[in-house]
Structures are given as C-alpha cells and as structure tokens.
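Each chain is listed here by its residues.
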Amino acid sequence: MSRRKKPDLIFPKGFLWGASTSSHQVEGNTRNEWSEWELSESRVRDLERRGLIRQYGLETYVSGKACDHYNRFEKDFNLAKKLGHNAHRFSLEWSRVEPEKGVFDEREIKHYKQVVKTLKDLGIEPFVTLWHWTLPLWLVREGGWESKHAPHYFTRFVERMVSALGKDVAFWITINEPEIYASFSYLKGEWPPEKTNPLTFLKVIKNLIAGHKKAYEVIKRYSKEASVGIAKNNTYFEASHGWANKIVKQISDRFWNFWFLNAIQKHQDFIGLNYYFHSVIRNGFNKNKNKLVSDLGWELYPEGIYHCLKDLGKYERPIYITENGLADARDKHRSWFIKKTLFYIHKAIQEGSDVRGYLHWSLMDNFEWAHGFLPRFGLIEIDYKKQKRVPRPSAMLYQEIIKQNGIITS
Ligand code: BGC
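So, here is what we can say about the structure in this document. (Residues numbered from 1 in each chain as written. Predicted model: local features only at pLDDT ≥ 70, side-chain atom pairs only at ≥ 80, totals over all residues. Heavy atoms only, no water.)

**Focus on the overall build of the protein**
- Across its full length, the protein carries 15 helices and 12 strands.
- The C-alpha radius of gyration of the protein comes to 20 Å, within 12% of the 22 Å expected for a compact globule of 410 residues.
- The dimensions of the protein, computed from C-alpha atoms along their principal axes, are 60 × 55 × 50 Å.
- Of all 410 residues assigned to the protein, the portion counted as buried reaches 60%.
- Here the contacts in the protein between residues at least 6 apart in sequence split such that 77% fall between residues at least 24 apart.
- When the accessible surface of the protein is summed, it comes to about 18,100 Å², and 52% of that surface belongs to carbon and sulfur atoms. (Helix = DSSP H or I, 4+ residues; strand = E, 2+ residues; numbered from the N terminus. Rg over C-alpha atoms; globule rule 2.2 N^0.38 Å. Buried < 20%, exposed > 50% of the residue type's maximum accessible area, 1.4 Å probe, protein only. Contact = heavy atoms within 4.5 Å. Areas by Shrake-Rupley, 256 points an atom, 1.4 Å probe, with all protein chains shown as cover.)

**As for the side chain of Glu179**
- Among the secondary structure elements, Glu179 is positioned in helix 10 (residues 178-186).
- With a relative accessible area of 6%, Glu179 lands in the buried category.
- Here Lys232 takes part through its side chain, which lies 3.2 Å from a polar atom of the side chain of Glu179.
- Not counting residues up to four positions away in its chain, the partners in contact with Glu179 are Ile205, Lys232, Asn233 and Trp256. (Polar contact = N/O pair within 3.5 Å; in protein donor to acceptor, adjacent residues only side chain to side chain.)

**Description of the site of the ligand**
- As a matter of local geometry, the ligand sits amid Gln25, His132, Trp133, Asn176, Glu177, Tyr276, Trp298, Glu323, Trp361, Glu368, Trp369 and Phe377.
- Note that an oxygen atom of the ligand is positioned 2.9 Å from one of the side-chain N or O atoms of His132.
- Between an oxygen atom of the ligand and a side-chain N or O atom of Tyr276, the distance comes to 3.4 Å.
- The protein chains hide 95% of the 310 Å² of surface that the ligand would expose on its own.
- Residues of the shell around the ligand, tallied by class, amount to 6 nonpolar, 3 polar and 3 charged. (Near = heavy atom within 4 Å. Nonpolar A, V, L, I, M, F, W, Y, C, P; charged D, E, K, R; others polar.)

**Observations regarding the pattern of salt bridges**
- Considering all chains together, one arrives at 26 salt bridges under this definition.
- Across the pair Asp253 and Lys249 runs a salt bridge whose closest N-O atoms are separated by 2.9 Å. Of this pair, Asp253 and Lys249 both sit in helix 12 (residues 243-263), 4 residues apart, roughly one helical turn.
- Residue Asp253 is classed as buried on the basis of its relative accessible area, which comes to 8%.
- The partner of Glu351 in a salt bridge is Lys347, with the nearest N and O atoms 3.7 Å apart.
- Each of Asp46, Arg49 and Arg50 takes part in one network of salt bridges that share partners. (Salt bridge = Lys/Arg side-chain N within 4 Å of Asp/Glu carboxyl O.)

**Considerations on a positive patch on the surface**
- Among the surface-exposed residues, Arg282, Lys287, Lys289 and Lys291 lie close enough to one another that they form a single positively charged patch.
- With respect to the helices and strands, the residue Lys287 is situated in the loop between strand 7 (271-281) and helix 13 (303-312). (Patch = residues over 30% accessible without salt bridge, like charges linked within 9 Å, V, L, I, M, F, W, Y side chains within 5 Å. Lys, Arg positive; Asp, Glu negative; His and termini not counted. Charge placed at Lys NZ, Arg CZ, Asp CG, Glu CD.)

**What about the pairing of strand 5 (residues 171-176)?**
- Among the 6 residues that make up strand 5, 6 are buried, leaving the element largely enclosed by the rest of the structure.
- Examined bridge by bridge, strand 4 (residues 125-131) and strand 5 share 4 bridges and lie parallel to one another. Counted as the bridge partner of Phe127 is Phe171 from strand 5.
- Across 4 bridges, the pairing between strand 5 and strand 6 (residues 227-239) is parallel. Looking at strand 6, one finds that Trp172 is bridged to Val228. (Pairing = 2+ DSSP bridges.)

**As for the environment of Leu119**
- Summarising the element assignment, Leu119 is placed in helix 7 (residues 106-121).
- The exposure class of Leu119 is buried, given its relative accessible area of 0%.
- Taking the C-alpha atoms as reference, Leu119 lies 23 Å from Pro12; in sequence the two are 107 residues apart.

**So, the sheet that holds strand 2 (residues 16-20)**
- In space, the 8 strands of this closed barrel follow the order 2-3-4-5-6-7-8-9, with parallel pairing throughout. Strand-to-strand twist across the sheet, computed as the mean angle between neighbouring axes with direction ignored, equals 30°.
- Pairing analysis gives 9 bridges linking strand 6 to strand 7, with the strands arranged parallel. Bridging across to strand 7, Lys232 finds its partner in Leu273.
- The strands that helix 12 touches are strand 6 and strand 7; relative to strand 6, the one it contacts most, it runs at about 170°.
- Each of strand 2 and strand 9 (355-361) is contacted by helix 15 (residues 393-404), which is oriented at about 155° to strand 2, the strand it contacts most. (Axes fitted to C-alpha atoms, helices over the stretch in contact; angles between N-to-C directions.)

**With respect to a nonpolar patch on the surface**
- Residues Trp243, Ile247 and Ile251 make up a contiguous nonpolar surface patch of roughly 370 Å² in combined accessible area.
- Its relative accessible area of 54% is what places Ile251 among the exposed residues.

**Brief notes about unusual backbone geometry**
- A cis amide bond links Pro192 with the next residue in sequence, Pro193, at an omega value of 5°.
- Turning to its location among the elements, Pro193 is positioned in the loop between helix 10 and helix 11 (198-222).
- Positive phi is not limited to glycine here, since Glu194 has a value of about 55°.
- Along the chain, Glu194 turns up in the loop between helix 10 and helix 11.
- Judged by its relative accessible area of 32%, Glu194 falls in the partly exposed class.
- A positive phi angle, near 45°, is found at Trp369, a position not held by glycine.
- Looking at where Trp369 falls in the secondary structure, it is placed in the loop between strand 9 and strand 10 (380-383).

Next comes the structure, spelled out in structure tokens:
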C-alpha cells in the first residue's frame, strides 16, 4: 500500500471547510419575484428572441423543482458530511417564511430549524444567509428594496428568524452580494425588476446598507456572541502600465470593492468574500488574457483571491471565503482551480490575512439565475430528472484536502 503524501501547506487549526448554496437555486418550488419573472412575458420573449427556448427548452430557464433540496436536505447534508465538510452556507427563503405581509408561517420556520439542527447534529457549522436575492411577492408590490420601508420589513423578518434559530447559529450573513444584485436588477436591467436607472440603483444600495445595519443590531440584541457580516463579491482590478489605468483601478476599487464595506464598517464582525472575477484595466476593463475560462467564459484566475484578501486586511476583521467556484460541467478544471485558489489563500494567511474558512460554490449543481440550469457549479453533479446526486472527482480531491487540512503542491 502506498503511503499517503503529507501536505506541504497546512491551514490554521480549526479552519472551516465546506460549500455554499442559496434557497432559490436549490430548494425547488419557491414562489417569489424570481419564480414570477422566469415565466413573465418579457423574459420568455427575450429567451425566444435569442433562440434559447428552441435550443434548450423553457424548462431550462425555470427554477421549478430545482434540486428538490427542500425535501432532500438531510440526505444532501449527509453527503456533505461524507465528503468531509465541517461548515455549510445556505439561505433562508423569505417568501416561504413571510408569504403575506406580516404573516409568518410557523411550519416554514420549523423547517429551517430542522435544517440548522440537521447540520449541527452532523457537526457541520451553519452559515445562515438571511437574504440571497429573492423577494416575497407582497414586498415586490411595495417596491422591493426601492421602498424606504424595505429595511424595516427586512429587520422584522430577521428578528423572527434570529429569535427562532439564534442559539444554534454562530454565523449570520445578512445580505448576499448587494452590489451585484443592485447592478443587475437596477442598472443593467437583466434581472427582475429589469430597471436601468442609476438613481434607483443608488436608492437600493442605500436601503440595503440601512437594512444590513438594522439587521446587525437586531442579531446582536439576541445573541452578543453571534458573528455577523455580508457576502461581498470583490473583483481583483489589475492596472496595467500608466497612471490613467492606475487611477481607474483606484476608482473601481473604491466604488465596487469598498463602498459597501466602508459604509457598514462598524456593523460587521467578519467579512465574507465571494471571489470570482479579475479585471485587467488597460484603457478599458476586462483586458484579461483569458488563458483558461469556465463554461460561462469567465476567466479562471485563482491568484486574484490573494490580492482581494490583501486589500481586505485594512478592515481588521476575520475573513471567510463565502463563495468561490466555477461552471465546469466536465470537472476539467475544478480540482486544479480549488488547489490553486487554496495555494493563494494560504499565501495570504502566511502574510497575515486572518482567513478562517473556505466555502466552495457550490455544494451541488443548481439554478444559475438568468443562465438557468446549464452552468454546472457543483462539487456534486445533479441529474435533475432522476434527482440523483453524484460527487465529482474534484469533490474527492476536496475531501482529501479537508482531511489533511492542507494541500500538496508538489
Ligand atoms: C452568487 C450565486 C451564484 C454564483 C455564480 C454569486 O454571485 O451569490 O448565487 O450562483 O455567484 O454565479
């Protein structure tokens, strides 16, 4: 029998390892702003115009049953446990818990209690996201995050969930990627409610900031020891030669990477970093070499996480990687990508970054928003028809890394 090689890069003791999901993407049968939009006239017309319905069928773009994780979470978490995970990030579906304004569904609250309990019983640390982009329909009718009342509604929902789950949850993520949500929904108009108005965008960001701060205070009131943060999508902006590019980089960093974090500085116990993007600035953005790309055409650039981590040092907070991953149906690059990314995380830790955990996106294939079910982000492959789960080879490599709490670079 061959002796197992020892890792040469070891992570700090107690480092958390796992994966992330979000409610709308995995649960199935949600009824919210997205599920309505997926079947809306404008959306279906747009898919038709692009020939996507003919090519892939409308069902590819409708979340529907998704992974049926709502009914299968116990099995899924058992599988995560088998794969060695000791942490897991998931989100609460606000539209289930509060389907009508001010009316809370106790059965759904019980469901999420059970979700948390299942994780805890398995020795998996839950990271609970309170809002991952999907709004209840009653709130949409009131203007969603555009409404000045949205922070209040959000806090009321948060209070309800924290009072129910608080004692079992050590890590809360109030909001997932506020600026991605606000820009796709209110600047680019690609996601519901398909608006393209910079002023509305600003209003939404302002309300998200207020929502986070209020939620932070409520969570702390229930549980002083809880750690609260957001999941922030940061891009590594790399300026090529010349002062003009450097100035563009500084402005981009300030606006895209630090604006929200600066605004909530006094209301965060940790930073959740979602890292996917690198943008080379050379008289314009995204002048990347793109030596390797994912199935979505996104450049695979693990080194960028090192730079993002270094830049977050100034906040002097623990950092958890709350998302990092790639669409890779054939699992061609995922093992390499995970190892390389961990190499750069380790390098940042060596240089003083306080990184305490890595949550891969995603535990399993899921509904990738406007791209539907085509992109495959999972460590676990899903056969949607049979609802079968099969861990990909990269999930096994990740299991080995977790077991050893380190990576072998040679
Ligand atoms: C989001 C996830 C999404 C992933 C891959 C992140 O921006 O939080 O919901 O699936 O990226 O696109």
